[in-house]
Amino acid sequence: MSATFKDHFSRHATVYRDARPGYPQALYRWLVRQVPAAAPTRAWDCATGNGQVAEVLRSHIDAVIATDASAAQIANAPMDTRVEYRAAPAESSGLDAGSVHLITVAQALHWFDQPRFYAEAMRVLNARGVLAIWTYQQVTVSRAVDAIVGRLYGETLDAYWPPERVHVEQGYRAILPDWQRLAVPQFETACDWTVAALAAYLRSWSATQRFIRANGVDPVAACYDELAKAFGEGRRRVRWPLVVHVFRRPGPG
């Protein structure tokens, strides 16, 4: 395991697996169209977490290798035999040089040693290969629900977020590689959730788990009644705007 790896999720890997939203099929279809023509195609899903990206990629790419520095996260992946899972840090994948056509990094770049990761991405990507990095922004449901979630995020949990969180808030602008950028359409991820599903997602935040360990109190439970009243009964559309950055590998292969 990398000495730089900051493990914020292994303790609640099952919660993370069950509560996090997926990403739109339109994003995967668009990404695959950017990959250089090859047979077979091969992708590396870096910091795969519970494998949600890797499992979908396998429907579009011939071979998928999924790595995560957290063995607990890997243990909670579905273990689809069509995906090769490995415990490995982002900065030292163990993959052969020039062996992949696409690298995906979903909601994880802020945890990496970015210069070392970009060097590793340059090493393992094939000529003209593609690096795709994305993160979602703050969840949105309605003005009333968003206000409650905003207070939880920015007031109750403010002191419990790790410093790397600022990069997510900034859409990763300060930590991107100096590679050729591709123009990317606008994407969002969305789910039809109950208030209980939204609460489970809020509990999956690393800051929520850190607050619980420090105080012995669940901050989501403390605001649940107010959240439920604002949310209403049944299911509602829950949205996360996506910030997607896609790059072409520079230089000769």
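Before reading on, note that the structure itself is shown above.
Scope of this entry: the structure provided in the associated data block. Per chain, residue numbering runs from 1 following the sequence as it is written. Predicted model: local features are reported for residues with pLDDT of at least 70 only, side-chain atom pairs are reported and counted for 80 or more only, and whole-chain, interface and lining totals are derived from all residues. Excluded from the side-chain calculations are hydrogens and water; all other atoms, namely the structure's heavy atoms, are used.

1. Focus: the overall build of the protein chain
- Each helix is a run of DSSP H or I of at least 4 residues and each strand a run of E of at least 2, with the numbering of both proceeding from the N terminus. A tally of helices and strands in the protein chain yields 10 helices and 8 strands.
- Computed over the C-alpha atoms, the radius of gyration of the protein chain is 18 Å, within 12% of the 18 Å expected from 2.2 N^0.38 for a compact globule of 253 residues.
- The dimensions of the protein chain, computed from C-alpha atoms along their principal axes, are 55 × 35 × 35 Å.
- In the protein chain, buried positions account for 53% of the 253 residues.
- Distance between charge centroids for the protein chain: 4 Å, based on 28 positive and 24 negative side chains. As defined in this context, the radius of gyration uses C-alpha atoms, and a globule is described by 2.2 Å times the residue total to the power 0.38. Exposure classes here rest on a 1.4 Å probe applied to the protein chains alone. A residue is buried below 20% of its type maximum, exposed above 50%, and partly exposed in between. Working convention for charge: Lys and Arg count positive, Asp and Glu count negative, and His plus the chain ends are omitted. Where a charge lies is defined by one atom per residue type: Lys uses NZ, Arg uses CZ, Asp uses CG and Glu uses CD.

2. Here we look at the packing of aromatic side chains
- Here is the rule: rings of Phe, Tyr and Trp (six-membered ring for Trp) pair when centre to centre is within 6.5 Å. Planes less than 30 degrees apart are stacked, more than 60 are edge-to-face, and the remainder are tilted. Under the defined criterion, the tally for this structure stands at 16 aromatic pairs.
- Ring geometry for Tyr23 and Trp134: centres 5.5 Å apart, planes at 80 degrees, overall edge-to-face. Residue Tyr23 is located in the loop between α1 (13-19) and α2 (25-34), and its partner Trp134 is located in strand β5 (residues 125-136); the two are separated by 111 residues in the primary sequence. Of the two residues, Tyr23 and Trp134, both sit in the buried class.
- Relative to Trp240, the ring of Tyr136 lies with its centre 6.1 Å away and its plane at 55 degrees, an arrangement referred to as tilted. Of the two residues, Tyr136 sits in strand β5 while Trp240 sits in strand β8 (residues 236-248), which places them 104 residues apart along the sequence. Of the two residues, Tyr136 and Trp240, neither departs from the other in class, the shared state being buried.
- The structure contains a cluster of three or more aromatic residues connected by ring pairs, namely Tyr23, Tyr28, Trp134, Tyr136, Tyr153, Trp161, Trp193, Tyr201, Trp205 and Trp240.
- For the cation-ring pair, Arg165 lies above Trp161, with the distance from its terminal atom to the ring centre recorded as 4.8 Å.
- Distance and angle both matter: a charge sits over a ring if NZ of Lys or CZ of Arg is within 6 Å of the ring centre and within 35 degrees of the ring normal. A cation over an aromatic ring shows up here: Arg236 above the ring of Phe231, its NZ or CZ 5.9 Å from the ring centre.

This is a description of form; function is not addressed.
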